[in-house]
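Here is how the chains run, residue by residue.
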Amino acid sequence: MSHELPELGRFTEPSLYILVSLSDGPKHGYAIMSDVEEISGSPLGPGTLYGALARLERRGLIEALEPDERRRPYRLTALGATTLRTQLERMRGFTRAALDRLGEARS
Amino acid sequence: MTRLIALYPRDWRERYEVEFLALLAERPPDPAGRLDILLGAIDARLHPQVPGSHAAPEPPTSPRRWAIRVGWLTLVGGLLWVATLIVATNGPIVVDGWGTYRERAAAAPLFFVALILLGTGIVAVALDLPAGARLGRAGAYVACLSGLLWAFAPWLLVAGLIAGVGITAVALSAWEAGRWSGIDAALLVGGQIIGWTLPAGVAFGLVAPGALGVDGIVLPLSVMLSAWIAVGHALIRGTPSAVTTRSGNGPT
């Protein structure tokens, strides 16, 4: 199984936010939407949210739990957690390298 | 709202409709949210993602097959645009109470289909933009509405001009997000600026239509062929997706 975030086109960034949102426990759609808005500072449209959820579920990165009335919570799978960690570590490396270069440019 | 959700494929609705409606009940969408739902429905039809559906996952690196198809359709639209201009500049000259002008009605169906195919290509480009590309999405929305109006009423140059501004925003946004090459973006934007300068002067009354001769308003429109070429080429070529955008802002 790949630990890369799969090619998801315009859903790549929302998917990353959703994985981050689910990293501290299961959430349903509205809770994910509110959490992502808090994390990113910009709202996630309902169509984009469910487009990303369907992609993540299909790829085994998240899984749906039993519905709580009409709301269905989702949780991160082991593969999703590993994929998220890989992606975040890559971004951390990128950020570190970029800041180092910025520091060099200023000094 | 149920009308919008009815646009989603049946298997998607069977799987997600209940929870989706619950979400919308908790957080009713604004106009941008409704547009997002509409785009989501188009996406769900173009890329079936429901777990257990029989559609094969897309190959990870090659351009998506549907995008290539839409790209070729857009290029066909470009040929129709050329045909439109040829037919429009070969109609009979009419002299009546309105003055001397060329009868261009025969070009109207070609004009309509050419614009619809360009609009289809623009929607495909907008669907592949990252979530934060609001300018591009707004541009696509404006371009599709104004372009549709222009397709039905070719004499409304202002509608065409607004559509041109919209597709320019889409091209710049796609370039900014790393989805388009600079050549494709420059081709489209350059064509729009050069092509619309004279018609915009006529539309805003700065240039008298008669001063351009019988076909003076049609010929600058030929430069706009670049829009069909740029959109079609970008869709067929495809681009690798990246989380980091050209502006370096990262995920938004």
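Heads up: these notes are all about the structure in this document. (Residues numbered from 1 in each chain as written. Chains lettered and ligands numbered in written order. Predicted model: local features only at pLDDT ≥ 70, side-chain atom pairs only at ≥ 80, totals over all residues.)

Looking only at helices and strands, chain B features 9 helices and 2 strands. Along chain B, helices and strands appear, N-terminal first, in the series α-α-α-α-β-β-α-α-α-α-α. Scored against the burial criterion, the 252 residues of chain B give a buried share of 39%. Sequence separation of 24 or more characterises 71% of the internal contacts of chain B that already satisfy a separation of 6 or more. (Helix = DSSP H or I, 4+ residues; strand = E, 2+ residues; numbered from the N terminus. Buried ≥ 20, exposed ≤ 12 C-beta atoms within 10 Å, placed from the backbone. Contact = placed C-beta atoms within 7 Å.)

Turning next to unusual backbone geometry. The phi dihedral of A:Glu69 falls on the positive side, at around 55°, and the residue is not glycine. Accessibility expressed as a C-beta count within 10 Å gives 9 for A:Glu69, which makes it exposed.

This next bit is on the pairing of strand 1 (residues 93-96) of chain B. All names here are of chain B. Bridge count between strand 1 and strand 2 (residues 99-102): 4 bridges; the pairing is antiparallel. Among the inter-strand pairings, Ile93 is bridged to a residue of strand 2, identified as Arg102. Between strand 1 and strand 2, which follow one another and run antiparallel, lie 2 residues. (Pairing = 2+ DSSP bridges.)

Attention now moves to the nonpolar core. If you look at the biggest cluster of nonpolar residues, it comprises 49 residues, and the most contacted ones within it are B:Ile122, B:Val125, B:Val170, B:Ala171, B:Ala174, B:Leu188 and B:Val231. For this core, the secondary structure elements donating two or more residues are helix 4 (65-88), helix 5 (108-127), helix 6 (134-152), helix 7 (157-176), helix 8 (182-203) and helix 9 (225-237) of chain B. Here this core gets 11 residues from one element, more than from any other, and that element is helix 5 of chain B. If we ignore the near neighbours within four places in the chain, the residues touching B:Ala174 are B:Val125, B:Leu129, B:Gly136, B:Arg179, B:Trp180, B:Ala185 and B:Ala234. One finds A:Leu16, A:Leu44, A:Leu53 and B:Val50 within the second-largest nonpolar core, a separate group that totals 31 residues. (Core = buried A, V, L, I, M, F, W, Y, C linked by C-beta atoms within 7 Å.)

It is worth spelling out the interface of chain B and chain A at this point. Taken residue by residue, the interface counts 33 residues in chain B and 27 residues in chain A. For the side of chain B that touches chain A, the secondary structure elements donating two or more residues are helix 2 (10-26) and helix 3 (31-46) of chain B. Residues belonging to the side of chain B that touches chain A are distributed by class as follows: 20 nonpolar, 7 polar and 6 charged. (Nonpolar A, V, L, I, M, F, W, Y, C, P; charged D, E, K, R; others polar.)

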